[in-house]
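Results of the structural survey
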Amino acid sequence: MSELDKEIHRRRTFAIISHPDAGKTTLTEKLLLFGGAIHVAGAVKSNKIKKTATSDWMEIEKQRGISVATSVMGFEYDGYKINILDTPGHQDFAEDTFRTLTAVDSVIIAVDVAKGVETQTRKLMEVCRMRKTPVMIFVNKMDRDGKDPFDLLDELEEELKIKVRPLSWPIDSGQSFRGVYNLYQEKLDLYTPSKQTVTESIEFKDINSPELERHIGDSLAAKLREDIELIEGVYPELDIDTYLQGEVAPVFFGSALNNFGVKELLDCFVKIAPSPRPIEAVERVVKPEEEAFTGFIFKIHANMDPNHRSCIAFVKICSGKFERNVNYKHVRFNRQMRFSSPTAFMAQKKETVDEAFAGDIVGLPDTGNFKIGDTLTSGEELHFKGLPSFSPEMFKYIENADPMKTKQLQKGIDQLMDEGVAQLFVNQFNGRKIIGTVGQLQFEVIQYRLLHEYGAQCKWEPINLFKACWIESDNEDELENFKKRKSQYMAKDKEGRDVFLADSNYVLMMAQQDFKDIRFHFTSEF
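As the structure is a prediction and not an experimental result, all values here were calculated from the model.

1. Some details on the packing of aromatic side chains
Evaluation of the coordinates by the stated rule reveals 15 aromatic pairs. Ring centres of Phe322 and Tyr328 lie 5.4 Å apart, and the angle between their planes is 25°; this geometry places the pair in the stacked category. With respect to burial, Phe322 and Tyr328 carry one shared label: buried. With a centroid separation of 6.4 Å and 35° between ring planes, the pair formed by Phe322 and Phe339 is classed as tilted. Placement of Phe322 in strand β16 (residues 321–323) and of Phe339 in the loop between β18 (335–337) and β19 (343–346) is noted, with a sequence separation of 17 residues between them. Given a relative accessible area of 5%, Phe339 falls into the buried group. The structure contains a cluster of three or more aromatic residues connected by ring pairs, namely Phe293, Phe322, Tyr328, Phe339 and Phe370. Across from the ring centre of Phe443, 4.7 Å away, lies the NZ or CZ of Lys396, which sits over that ring. If you follow Arg432 out to its NZ or CZ, it ends over the ring of Tyr397, 3.7 Å from the centre.

2. Some points on the pattern of salt bridges
Inspection of every chain in the model, using the stated rule, returns 31 salt bridges. Here Arg11 and Asp360 are joined by a salt bridge, their closest N and O atoms 2.7 Å apart. Of the two residues, Arg11 sits in strand β1 (residues 11–18) while Asp360 sits in the loop between β21 (355–357) and β22 (361–366), which places them 349 residues apart along the sequence. Residue Arg11 is classed as buried on the basis of its relative accessible area, which comes to 4%. For Asp112, the salt bridge goes to Lys115, with nearest N and O atoms at 3.9 Å. Taking the relative accessible area as the measure of exposure, Asp112 reaches 5% and is therefore buried.

3. Regarding the nonpolar core
One finds Leu101, Ile109, Val135, Ile137 and Leu156 to be the most contacted residues of the largest nonpolar core, which totals 60 residues. Sequence-distant contacts of Leu156, defined by excluding residues within four places in its chain, comprise Val111, Val117, Ile137, Lys161, Ile162, Val164 and Val251. In terms of nonpolar packing, the next biggest core, distinct from the first, is built from 30 residues, Phe14, Leu32, Ile82 and Ile108 among them.

4. A word on a negative patch on the surface
On the surface, a cluster of negative charge is made up of Asp148, Asp151, Asp154 and Glu158. Structurally, Asp148 can be placed in the loop between β5 (135–140) and α6 (149–160). Judged by its relative accessible area of 34%, Asp148 is partly exposed.

5. Here's the deal with the side chain of Arg12
Looking at the secondary structure, you find Arg12 in strand β1. Within the buried core, Arg12 has no salt-bridge partner, and the shortest N-O distance to an opposite charge, that of Asp105, equals 7.8 Å. Here Ala273 takes part through its backbone oxygen, which lies 3.1 Å from a polar atom of the side chain of Arg12. What Arg12 contacts, discounting residues up to four positions off in sequence, is Tyr80, Lys81, Ile82, Asn83, Phe269, Val270, Lys271, Ala273, Pro274 and Ser275.

6. Some points on the environment of Phe522
Tracing the backbone through its elements, the reader meets Phe522 in the loop between β32 (518–521) and β33 (523–525). A relative accessible area of 31% places Phe522 in the partly exposed class. For the pair formed by Phe522 and Pro392, sequence separation is 130 residues and the distance between their alpha carbons is 8.8 Å.

7. Re the confidence of the model for the protein
Summarising the model, the protein shows a mean pLDDT of 81, and 83% of its residues fall at 70 or more. For the protein, per-element mean pLDDT is lowest for helix α3 (residues 59–64), which scores 56, and highest for strand β30 (residues 490–492), which scores 93. For residues 39–53, every residue scores under 50 in pLDDT, and the model assigns this stretch 24 contacts once sequence neighbours within four places are set aside.

8. Some words on the environment of Val139
Relative to the elements of secondary structure, Val139 occurs in strand β5. In this structure, the C-alpha to C-alpha distance between Val139 and Ala110, residues 29 residues apart in sequence, is 6.0 Å.

9. A closer look at the pairing of strand β8 (residues 179–182)
Burial of the side chains of β8 extends over both faces: Gly179 and Tyr181 are buried on one face and Val180 and Asn182 on the other. One ladder, built from four bridges, connects strand β7 (residues 168–171) with β8; its direction is antiparallel. What sits directly across from Ser168, in β8, is Asn182.

10. Brief notes about the packing of helix α11 (residues 406–418) against helix α12 (residues 440–454)
Packing of α11 against α12 leaves a shortest axis separation of 10 Å and a crossing angle of 125°. Our classification of the angle between α11 and α12 gives oblique. Here the hand of the crossing between α11 and α12 comes out right-handed. From α11, Gln408, Leu409, Lys411, Gly412, Ile413, Gln415, Leu416 and Met417 reach across to α12, where they touch Ile446, Arg449, Leu450 and Tyr454.

Quick notes on the rules
- Residues numbered from 1 in each chain as written.
- Predicted model: local features only at pLDDT ≥ 70, side-chain atom pairs only at ≥ 80, totals over all residues.
- Heavy atoms only, no water.
- Phe/Tyr/Trp six-rings, centres within 6.5 Å; stacked < 30°, edge-to-face > 60°.
- Buried < 20%, exposed > 50% of the residue type's maximum accessible area, 1.4 Å probe, protein only.
- Helix = DSSP H or I, 4+ residues; strand = E, 2+ residues; numbered from the N terminus.
- Lys NZ or Arg CZ within 6 Å of the ring centre and 35° of its normal.
- Salt bridge = Lys/Arg side-chain N within 4 Å of Asp/Glu carboxyl O.
- Core = buried A, V, L, I, M, F, W, Y, C linked by side-chain atoms within 4.5 Å.
- Contact = heavy atoms within 4.5 Å.
- Patch = residues over 30% accessible without salt bridge, like charges linked within 9 Å, V, L, I, M, F, W, Y side chains within 5 Å.
- Areas by Shrake-Rupley, 256 points an atom, 1.4 Å probe, with all protein chains shown as cover.
- Lys, Arg positive; Asp, Glu negative; His and termini not counted.
- Charge placed at Lys NZ, Arg CZ, Asp CG, Glu CD.
- Polar contact = N/O pair within 3.5 Å; in protein donor to acceptor, adjacent residues only side chain to side chain.
- pLDDT = per-residue confidence, 0-100.
- Pairing = 2+ DSSP bridges.
- Axes fitted to C-alpha atoms, helices over the stretch in contact; angles between N-to-C directions.
- Parallel < 35°, antiparallel > 145°, perpendicular 65-115°, else oblique.
- Left-handed = near helix turned anticlockwise from the far one by under 90°.

Now the structure itself:
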């Protein structure tokens, strides 16, 4: 095995997805704790501990307790290099999460034992199914009252349309939760509620040994044996290949807040989760082991550091090795660029990296050179596909509330739109700017960030629109005719493409009927 193969082979890049409040941020933090990346649990939520790395660090996230930006964190564990992408759970940011899923090799889904599968999780699972991404499930909050574990497994299979295979099994739940039996490692893990210590675990190969009663008492021991017999009868042995093809999801039970069951999940994950996988480009399939470097931008983040007005473009490395100060080709511009300070992240703490390998995520300082979906290569013409931008469903006019700060507002809007938080349309009839988003919360985030990061004040004005759709046609005359007839509803997006802003479903349907030669698109493939 070459040096390159070894490095790639030990990479594990994954995202944690869940519904808001299922405990995703807490789970991320506990994984970081095992990687020695942070040393105090609870660092994400508490403000006492400013010095530790945390994953929710944007001001508005701290206030609301939700993850708005996708954070990228890397750490070493047990000889593996692990890259976690923490995604926004809030559905108003679904688009950001969809894009993140294009940059990972596998996914861990966190499910709340009391609430089961929720809508947001279902949607994200569809993307995983489409891309055949391997999935593991962590059933969280076992120390609270919730659903019966067998009912929950049925629900997971039905709602997520995937087969499951429990690899650990809870011993009671809620107030009387005693721990789990780890089927994967044949261990008994006993639970003592504590946020700081990891619980004792005992090698336990033979579940029928009378030792079991000594640890958990007669009735629980009997129930555990019965449950396990049922599991072995109903669920086939875990076959790693079916997991890697995204057909079976291993399930673990635990309580992230109390740091219970997380290490078991991590130990199994590093062993069976896939190392970086081949990625389809328009031209060909790119394999991670190739010598030549390739990568694509899946996310742009303005103001990682409020003291410096800079953006950072996140690159997912698809093949080869990325090196600092080496010339790479920016395919869209067709020109060479080199990066003197590429960074890797440990939450907000970032360090300059000299090299990174396929599977890693590197941050490149960006002064407006990048758009989501851009490709960087060692020289080859490649285009990675599949980073859609969805047609927004909510619209507002954005107006300047402080004429003295026009330039700041302009710059703020530009940078935030590059980030893919929302989309900007300029109405060609009256020149007014319209912001389109997939959720209400984004308007608040934009207003907040414009004020706090750019010192610009905006105000929103209502506009009644149904949908934005990109239009194109091979029939020039018909396109011109359409634009004249609909001139009040024509806009341009950031790329200068024609967008029709339909004010009702009826109007849109009529337009599609009357203008047969025009194609209406509801996603823009970047």
